[in-house]
Amino acid sequence: MFQRPGRYTGGEINSVVKDPRGKVRIGLVFPEVYEIGMSNLGQRILYHVFNSLPWVYCERAYLPWVDRIEYLKRSKEPLTSLETGTPLREFDMLGFTLEYELNATNVLEILSLSGIPVRAEERGDKDPIIIAGGTLTCNPLPFLPFFDAFVIGDGEDVAVEIAEALRETKREKRIKKLEALSSISGVYVPLFPRQVKRRIADLNRSPFPTAQVVPWIEITHDRFIVEVARGCTRGCRFCQAGIIYRPTRERSKEEIKEIVMEGIRKTGWEEVGLLSLSLSDHTQFYEIIEELYWKWEGPPLNLSLPSLRGDAFTRELALLLKKGKRFTLTIAPEAGTERLRKIINKDVKDEDIINSCRIARENGWTHVKLYFMIGLPGERWEDIEEIVRLVNEVKKVMPRVHVRISPFVPRPFTPFQWERQEGIEELEEKERFLKSRIRKVELRQRDPVVSWIEGIICRGDEEVSQAIEEVWREGRILQAWGEFFSPECWKKVFKKINPEVYLKEKNPEQELPWEFIDAGIERRFLVEEYQRAKSGIPTPDCRVGGCTGCGACRGEIAFDSLREKKRVKIEVMDEIKEPPLFRVRVRAVKKENLRYLSHLDWMRMVIRALRRSEIPLAYTKGFTPQARLSFGPALRLGEESEAEYFDLWVYTPPEKEWIEKINREMPEGGAILEMKEVPLNVPSIASWVNFAVYRIEDVEVPQERVKEVMEKEKIVVERKGKEIDIRESVEYIERVKNGIEVGINLIPGKTIRMDELMELLGVAGRVVRKEIYRKEEKLLTPMEI
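Residues numbered from 1 in each chain as written. Predicted model: local features only at pLDDT ≥ 70, side-chain atom pairs only at ≥ 80, totals over all residues. Heavy atoms only, no water.

(A) Focus on the state of the cysteines. Enumeration according to the criterion identifies zero disulfides in this entry. Cysteine C138 shares no disulfide, and the gap to the nearest cysteine sulfur, in C458, comes to 10 Å. Since its relative accessible area comes to 7%, C138 is described here as buried. (Disulfide = S-S within 2.5 Å. Buried < 20%, exposed > 50% of the residue type's maximum accessible area, 1.4 Å probe, protein only.)

Written as structure tokens, this is what we have:
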């Protein structure tokens, strides 16, 4: 069995299955493992946009983990889509998300696993069109040989036009398809080079997915995500996203609340992430928090907020957030001194940072995470020393401090795109100093070699693409994962292309290789900002200091998000007396692909199904309310069950319609069979049962082998380095039609596992738990308590 097999089963809640006949087939591919790709909002949006077109069928695919990759290569099976298991080479188009440089070799691995030539020039008419989108397409040159086309800008703004072009040319030769794509604004086709202007979506008119796909397994950002704003006018000179996502666009609090309400109803997620580059700058920031915490009328909800500015955590905000869980407060000073912050245009004072931490601590927060960069333009050694001082000042206020140090990487279309990137040795010296001086905090420092690779790729050209391909051909994939990262391989390969060419300081008067892309920002503005940085002069936010002439909106910003925020009056209400509780015992089945869910994943899936069904669940008290459920004995990964029991607490007696309502929200392979009210004080299922009956199906076991096992006086296995006799747990083994039935005494720490039993019997079959009991004078099921 593969690690985390739930990555590959498909069939998740809200995934789309259509009849593919006669449709344009589009595959959205994220070049990372499922848990990371499923967390990406861009893919969620495009999946919704494409599948809203009746003549398009859009499916998803991700890079498998190494065990499955080895299996696919060994068996010569192609990589397939999640929804229908269709080989990726059979799609009309594959759209890759390029967000991170170290995923570059993953792209080539996916193409290779799919049986698609990795170089565009080698593809024929039967191969899919390979398109890339995402932030890295601001400079497509390092990826040019691998892709047929690049989307520059907001993907949802151009997605329908791309699909229409593919529909119109579905039976045409490849060259005709590429010609059609090249005629679309915001699409760059290397075969037809031209100047391309970034596409910009109208956030309030663009479709936003509320029925987001809910994964079976826990993912990196396991929550419903709503983008409250896109773009930022703060003007941090190192921040590529803050430049290329201009102009700033906001969703209204009314639309945000409507999206969240519908999204929670359709997904059952317990947490909502509010996504924005600068959330606290939203004109209705306080009111949004008020709506989602204090005026929320749906099931209990937790909010996840992104990094806040050092001066953004006010007493008003602390009051608004006090109803929810105490998340880790995240602040990004970026530099250790105010002087250096002015150079990078992050004009936040030390006292603002300390004051935000003090306010948070006074209102119950105990954790703060601080982000810093090293190797910034204009940096002096005293700036590094001041990081230590600032961390120590924060430690006096907050009990737990986490510090993250990352080397600066100059990126295209920022005022620092002309700057030199510091070398590995310089950065390592600074990290050694910080490690020796920053004590009693959780300190994480990014490997300078990683940043060195990022810098070469992000400001690279076609010669860099050759190095990427060579690294891939040496078997280096999953390079963002520490256990697979191969710095020596990258160093060896990049040495052949003279990496200093890409890292050295550049002349602003000379055109840069990627400037055939029009990012929507005036070059003159970037040069002026570069020069102001050299002089240590900050540029105020245009919503306060007036238009800075960046060219993104031509001075037409229609709101002032830095005006004084509305003061929200929170009235502390008397604690509402909790209504009477009722305890309901439920029996369910867990079969088919659900056997690939761990017990924790099964629990999450059930809870979300219950939330979607809108039955009156009871929740725990406190900052992080949880649905009140108690599950029976855990089932091992890979096993099925006809006897999955759990108790749930509700505010009304159970109704007959509940089974039907819940089953409408259960996935294939899962169903509620029966439920009944039980007394509030009965023992938990897990503590009450002591016997289980299993079937091992699709096997043939000789009676002699069964007798041999049953006659053993001891069955000794090793667990956690200790030898344990588990013979007492085997009550009986009986041959039945198409398999065997096993009676198991559930003895804590000494219960035989079905894989252990199958090894003893010399078979491998399908394991099904038939029932669990309380064994006394007779066998009682949990429903007979």
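(B) Focus on the side chain of S486. Mapped onto the fold, S486 is located in the loop between α16 (462-473) and α17 (487-494). Aside from chain neighbours lying at most four places away, what touches S486 is R476 and Q479. (Helix = DSSP H or I, 4+ residues; strand = E, 2+ residues; numbered from the N terminus. Contact = heavy atoms within 4.5 Å.)

(C) Layout of the sheet that holds strand β6 (residues 187-188). An order of β2-β1-β3-β4-β5-β6 is seen for the six strands of this open sheet, with the pairing classed as mixed. Edge strands, defined here as strands with exactly one partner in the open sheet, are β2 (56-62) and β6. When strand β4 (residues 129-133) meets strand β5 (residues 149-151), the two strands line up parallel, connected through two bridges. Across the sheet, the residue bridging to I131 is A149, located in β5. (Pairing = 2+ DSSP bridges.)

(D) Structural detail: unusual backbone geometry. Omega for the peptide link from R246 to P247 comes to 0°, which places this bond in the cis form. Mapped onto the fold, P247 is located in the loop between α7 (240-244) and β10 (249-250). Phi is positive for R4, close to 45°, though the residue is something other than glycine. Structurally, the position occupied by R4 is in the segment before β1 (24-30).

(E) Structural view of the sheet that holds strand β16 (residues 442-445). Taken in spatial order, the four strands line up as β13-β14-β15-β16 in an open sheet, and their pairing is parallel. Here the strands that pair on one side only, and so sit at the sheet edges, are β13 (329-334) and β16. Averaged over all neighbouring strand pairs, the angle between strand axes comes to 15°, with direction disregarded. Where β13 lies against strand β14 (residues 367-374), four bridges are found, and the strand directions are parallel. Within β14, the position partnered with E334 by the bridge is F372. Contacts from helix α12 (residues 350-362) reach β13 and β14, with the element oriented near 170° to β13. (Axes fitted to C-alpha atoms, helices over the stretch in contact; angles between N-to-C directions.)

(F) Structural view of the environment of L277. For L277, the location among the structural elements is in the loop between β11 (271-275) and α9 (285-293). Between the C-alpha atoms of L277 and E32, which are 245 residues apart in sequence, the distance is 23 Å. Residues contacting L277, with those up to four places away along its chain left out, are G231, C232, A241, G242 and Y245.

(G) Molecular detail of the nonpolar core. One finds I162, L181, L274, F313, L629, F646 and L648 to be the most contacted residues of the largest nonpolar core, which totals 126 residues. When sequence neighbours within four positions are dropped, the list of residues in contact with F646 reads V584, R585, V586, A588, V606, L610, L629, S630, F631, I672 and I685. The next biggest cluster of nonpolar side chains, apart from the first, holds 73 residues, and it includes A61, L98, F516 and V527. (Core = buried A, V, L, I, M, F, W, Y, C linked by side-chain atoms within 4.5 Å.)

(H) Molecular detail of the side chain of K430. With respect to the helices and strands, K430 occurs in helix α14 (residues 424-437). On the accessibility criterion, K430 (8% relative accessible area) is buried. For K430, the side chain forms a polar contact with the side chain of E379, separated by 2.4 Å. Other than its neighbours up to four places away in sequence, K430 contacts I374, G375, E379, W381, I384 and E422. (Polar contact = N/O pair within 3.5 Å; in protein donor to acceptor, adjacent residues only side chain to side chain.)

(I) Looking closely at the pairing of strand β20 (residues 640-650). Counting buried residues in β20 gives 11 out of 11 residues, a clear majority hidden from the surface. Of the pairings in the sheet, the one linking strand β18 (residues 582-590) to β20 comprises eight bridges and is antiparallel in character. If you follow R587 over to β20, its bridge partner there is Y645. Across three bridges, the pairing between strand β19 (residues 629-631) and β20 is antiparallel. Pairing of L629 across the sheet is with L648, part of β20. Where β20 and strand β27 (residues 766-775) come together, two bridges link them in parallel fashion. Paired with S641 across the strands is R769, a residue of β27.

(J) Seen up close, the packing of aromatic side chains. The tally for this structure, following the rule as stated, stands at 17 aromatic pairs. Their ring planes at 45° and their centres at 5.5 Å tell us that W490 and F494 sit as a pair that is tilted. Of this pair, W490 and F494 both sit in helix α17, four residues apart, which is roughly one turn of that helix. Ring geometry for F691 versus Y773: centroids 6.4 Å apart, planes at 45°, classification tilted. One end of the pair, F691, is in strand β22 (residues 691-697); the other, Y773, is in strand β27, and 82 residues separate them in sequence. Here F691 and Y773 have matching classes, each one buried. By the ring-pair criterion, three or more aromatic residues cluster together here, those being F2, Y8 and Y71. Taking the ring centre of F91 as reference, the NZ or CZ of R25 above it sits at 4.9 Å. Positioned over the ring face of W55 is R167, at 3.8 Å from the centre of the ring. (Phe/Tyr/Trp six-rings, centres within 6.5 Å; stacked < 30°, edge-to-face > 60°. Lys NZ or Arg CZ within 6 Å of the ring centre and 35° of its normal.)

(K) Up close: the environment of A764. Examined against the element boundaries, A764 turns out to sit in the loop between α25 (754-761) and β27. We classify A764 as exposed; its relative accessible area is 69%. Between the alpha carbons of A764 and E700 there is a distance of 9.7 Å; along the sequence they are 64 residues apart. Residue contacts for A764: discarding those within four places in its chain leaves V699 and M758.

(L) Broad picture of the pattern of salt bridges. Tallied over the entire structure, the rule returns 81 salt bridges. Put simply, E697 and R766 hold a salt bridge, and the shortest N to O gap is 2.4 Å. Taken as a pair, E697 in strand β22 and R766 in strand β27 lie far apart in primary sequence, 69 residues in all. Classification of E697 by relative accessible area gives buried; the value is 17%. Of the residues examined, R766 reaches a relative accessible area of 31% and is grouped as partly exposed. Several salt bridges share partner residues, and in doing so they unite D154, E156, E227, R230 and R249 into one network. (Salt bridge = Lys/Arg side-chain N within 4 Å of Asp/Glu carboxyl O.)

(M) Main features of the packing of helix α15 (residues 448-458) against α17. Close contact between α15 and α17 brings their axes to 10 Å; oriented N to C, the two are set at 40°. Crossing geometry of α15 relative to α17 is assigned as left-handed. Residues V449, W452, I453, I456 and I457 of α15 form the contact with α17, whose participating residues are P487, W490, K491 and F494. Looking at the contact of α15 with α17, its residues break down into eight nonpolar, no polar and one charged. (Left-handed = near helix turned anticlockwise from the far one by under 90°. Nonpolar A, V, L, I, M, F, W, Y, C, P; charged D, E, K, R; others polar.)

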